[in-house]
Amino acid sequence: MEKVQIGRVVEFYSNSCLVEIKEFKIPCKTPKDQDIVVGDFVEIVPLQDSSEVKGKILKKVNRKTSLKRFHRGKKKVFAANVTNIAILLSPVPLTPKIFIDKWLVLSAAAGIEPLIVANKIDLTSDDEFKEACIIYENLGLKVFKVSGKFGEGLSELGFYLEDKTTIFVGKSGSGKSTISSKLLGINLKTKELNKAKGVHTTSVSSLYVKDKIEIIDSPGVRDLEIEKFNSEEVLSGFFEIREASMGCKFKNCNHINVAGCNVIDQLSKGNIAESRYNNYLSFLKNE
Ligand SMILES: Nc1nc2c(ncn2[C@@H]2O[C@H](COP(=O)(O)OP(=O)(O)OP(=O)(O)O)[C@@H](O)[C@H]2O)c(=O)[nH]1
Ligand SMILES: [Mg+2]
Ligand SMILES: [Zn+2]
């Protein structure tokens, strides 16, 4: 009998996936009865029934983390064993703050540490971009200001990503593949901005490893569904609001238009950013 080996799913399609064992990438059929995603460790046995080496996946190893998002109302794992989520913020195309806040809720729900990568600082950036950088820095999040194109700030980011498995997420065109390419020293396909409007350059999530850095480059998403999170989950992505709510003297306060409410107080003092508060309320409404 062939020896069972443990490999890592580095690329995943609906019917097949690539499993890396040492330096070899082995094509495998995805078993119908198991949900397997990029980042999963799997037990495989090589199959010798064709000229090509192929593997059969027996089962996946228990995951340390599962990153989930809703797709057409259903919760779906889309990356496994990720330790960090790098959320791209770019001035062109401008990443809306609500998009970042959604990712922060998803990160908190998965118990995975987020960081912000503010890309394209070489462009004369608009006020919204600068304001967003300040808002997220003030939350105590790591915000790396970089230029994927010209390399500024990338060595600091690369150093931070050592010994971590990081998924890069963000709008199409924000620069995920450009930055991944530079950090990994490989050439991933990137987008010609004006030429391919609306087209996602990266079509599948792939895991790349170089030295101590593991990066999953993911396809840009147009939007994220947030509606199925409950109020606790939503609140956990709004750390500063949760903290203020704990200092609110009213029991069962909804923190909306209540005189004397600590959340409203902190909001009026500017300790909670308006965009954060508004997005928090809008996510709750979707419950
Ligand atoms: N000026 C400037 N342009 C950048 C920078 N980083 C990336 N770009 C450009 O932005 C465009 C999109 O970059 P990609 O890396 O393909 O973006 P992506 O996020 O991977 O896009 P999808 O794969 O579609 O999700 C390319 O034309 C890059 O050259 C930067 O720091 N400065
Ligand atoms: Mg890409
Ligand atoms: Zn309150």
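Residues numbered from 1 in each chain as written. Chains lettered and ligands numbered in written order. Predicted model: local features only at pLDDT ≥ 70, side-chain atom pairs only at ≥ 80, totals over all residues.

Draft legend 1. Structural detail: the overall build of the protein chain. Along the backbone of the protein chain there are eight helices and 13 strands. Taken against the 2.2 N^0.38 rule, which gives 19 Å for 287 residues, the C-alpha radius of gyration of the protein chain at 21 Å falls within 12% of a compact globule. The principal-axis extent of the C-alpha atoms belonging to the protein chain is close to 75 × 45 × 35 Å. Here the protein chain holds 287 residues, and 38% of them are scored as buried. Across the protein chain, contacts joining residues at least 24 apart in sequence account for 62% of those joining residues at least 6 apart. (Helix = DSSP H or I, 4+ residues; strand = E, 2+ residues; numbered from the N terminus. Rg over C-alpha atoms; globule rule 2.2 N^0.38 Å. Buried ≥ 20, exposed ≤ 12 C-beta atoms within 10 Å, placed from the backbone. Contact = placed C-beta atoms within 7 Å.)

Draft legend 2. Region of interest: the site of ligand 1. Surrounding ligand 1, one finds 24 residues, the nearest of these being Gly148, Ser177, Thr190, Thr202 and Gly220. In terms of residue class, the shell around ligand 1 is built from three nonpolar, 15 polar and six charged. (Near = placed C-beta within 6 Å. Nonpolar A, V, L, I, M, F, W, Y, C, P; charged D, E, K, R; others polar.)

Draft legend 3. Seen up close, the environment of Glu43. Turning to its location among the elements, Glu43 is positioned in strand 4 (residues 41–47). With residues near it in sequence (within four places) discarded, Glu43 still touches Val4, Ile6, Leu58 and Lys59.

Draft legend 4. Up close: the domain arrangement of the protein chain. As assigned here, the protein chain comprises domain 1 (5–60), domain 2 (66–217) and domain 3 (231–285). Between the C-alpha centres of domain 1 and domain 2 there is a distance of 27 Å. At the junction of the two partners, domain 1 supplies ten residues and domain 2 supplies twelve residues. Residues belonging to the side of domain 1 that touches domain 2 are distributed by class as follows: five nonpolar, one polar and four charged. (Domains from an automatic or database assignment.)

Draft legend 5. Geometry of the nonpolar core. Within the largest apolar cluster, 66 residues are counted, with the highest numbers of intra-cluster contacts made by Ala79, Ile87, Ile100, Val105, Val117 and Ile167. Broken down by element, this core gets its largest block of residues, eight residues, from helix 1 (residues 97–110). Beyond its immediate sequence surroundings of up to four residues, Ile87 is in contact with Ile100, Trp103, Pro114, Ile116, Val117, Val169 and Gly170. (Core = buried A, V, L, I, M, F, W, Y, C linked by C-beta atoms within 7 Å.)

Draft legend 6. Molecular detail of the packing of helix 1 against helix 8 (residues 274–285). At their nearest, the axes of helix 1 and helix 8 sit 10 Å apart, and the two run at 60° to each other. In terms of crossing hand, the pair formed by helix 1 and helix 8 is right-handed. On helix 8, the residues touching Lys97, Ile98, Asp101 and Val105 of helix 1 are Ser275, Arg276, Asn279 and Phe283. In the contact of helix 1 with helix 8, the residues fall into three nonpolar, two polar and three charged. (Axes fitted to C-alpha atoms, helices over the stretch in contact; angles between N-to-C directions. Left-handed = near helix turned anticlockwise from the far one by under 90°.)

Draft legend 7. Main features of the environment of Glu232. Here Glu232 is to be found in helix 5 (residues 231–236). What makes Glu232 exposed here is the crowd of 9 C-beta atoms within 10 Å. Counting along the chain gives 195 residues from Glu232 to Val37, while the straight-line C-alpha distance between them is 27 Å.

Draft legend 8. How the structure looks around the pairing of strand 12 (residues 206–210). Pairing of strand 12 with strand 13 (residues 213–217) involves five bridges; the strand directions are antiparallel. When the sheet's bridge partners are listed, Val209 is paired in strand 13 with Glu214. Between the end of strand 12 and the start of strand 13, which pair antiparallel, lie two residues, with Asp211 showing a positive phi angle near 50°. (Pairing = 2+ DSSP bridges.)

Draft legend 9. Quick look at the pairing of strand 1 (residues 5–12). Across four bridges, strand 1 lies against strand 4 in antiparallel orientation. Bridged to Ile6 within strand 4 is Glu43. Taken together, the four bridges between strand 1 and strand 2 (residues 16–21) define a ladder with antiparallel strand orientation. Opposite Val9, over in strand 2, you have Val19 as the bridge partner. Connecting strand 1 to the next strand, strand 2, in antiparallel fashion are three residues.

Draft legend 10. Structural context of helix 4 (residues 176–184). With respect to burial, helix 4 is a largely interior element, seven of its nine residues being buried. Regarding helix 4, the residues found buried are Lys176, Ser177, Thr178, Ile179, Ser180, Lys182 and Leu183. Buried residues along helix 4 sit in contact with strand 8 (84–89), strand 9 (113–118), helix 3 (154–160), strand 11 (164–169), strand 12 and strand 13. The first or second residue beyond helix 4 is Gly185, which carries a positive phi of 70°.

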